[in-house]
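# Examination of the molecular architecture
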Amino acid sequence: MKNVKVLGSGCSKCRVTANTIRATADALGVEIELEKVEDYAVIASYGVMATPSVVVDGVVVHTGGVPNAKTVERWIR
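Residues numbered from 1 in each chain as written. Predicted model: local features only at pLDDT ≥ 70, side-chain atom pairs only at ≥ 80, totals over all residues. Heavy atoms only, no water.

## Notes on the sheet that holds strand 1 (residues 2-7)
If you trace the four strands from one edge of the open sheet to the other, you get 2-1-3-4, paired in mixed fashion. Lying at the two open borders of the sheet, with one neighbouring strand each, are strand 2 (32-37) and strand 4 (59-63). Adjacent strand axes in the sheet meet at a mean angle of 20° when their direction is disregarded. Alignment of strand 1 against strand 3 (residues 53-56), held across four bridges, turns out to be antiparallel. (Pairing = 2+ DSSP bridges. Helix = DSSP H or I, 4+ residues; strand = E, 2+ residues; numbered from the N terminus. Axes fitted to C-alpha atoms, helices over the stretch in contact; angles between N-to-C directions.)

## A few points about the environment of tyrosine 40
Relative to the helices and strands, tyrosine 40 is located in helix 2 (residues 40-45). In the structure, tyrosine 40 is positioned 10 residues away from alanine 50 in sequence and 12 Å away in space, judged by C-alpha atoms.

In structure tokens:
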């Protein structure tokens with residue numbers, strides 16, 4: 001199971017990003033642990049300067065903007 005974190009303030013782009021990740025994982029039948037991180041100290045610890053950012057298994061894979069489903073699919077396969 002992959003651990004996926006969406007880093008951000010909880011803004012609409014962060015919510016859309018989390019929803020896209022969940023929907024893509026569900027469509028592929030892939031189990032993931034999805035966590036939304038809104039604590040600025042934790043976000044800063046990843047060294048990201050833009051949100052939403054996405055961390056998969058401890059590695060930052062995306063910063064700023066909403067990723068599309070094809071990109072998300074590559075992360076979780």
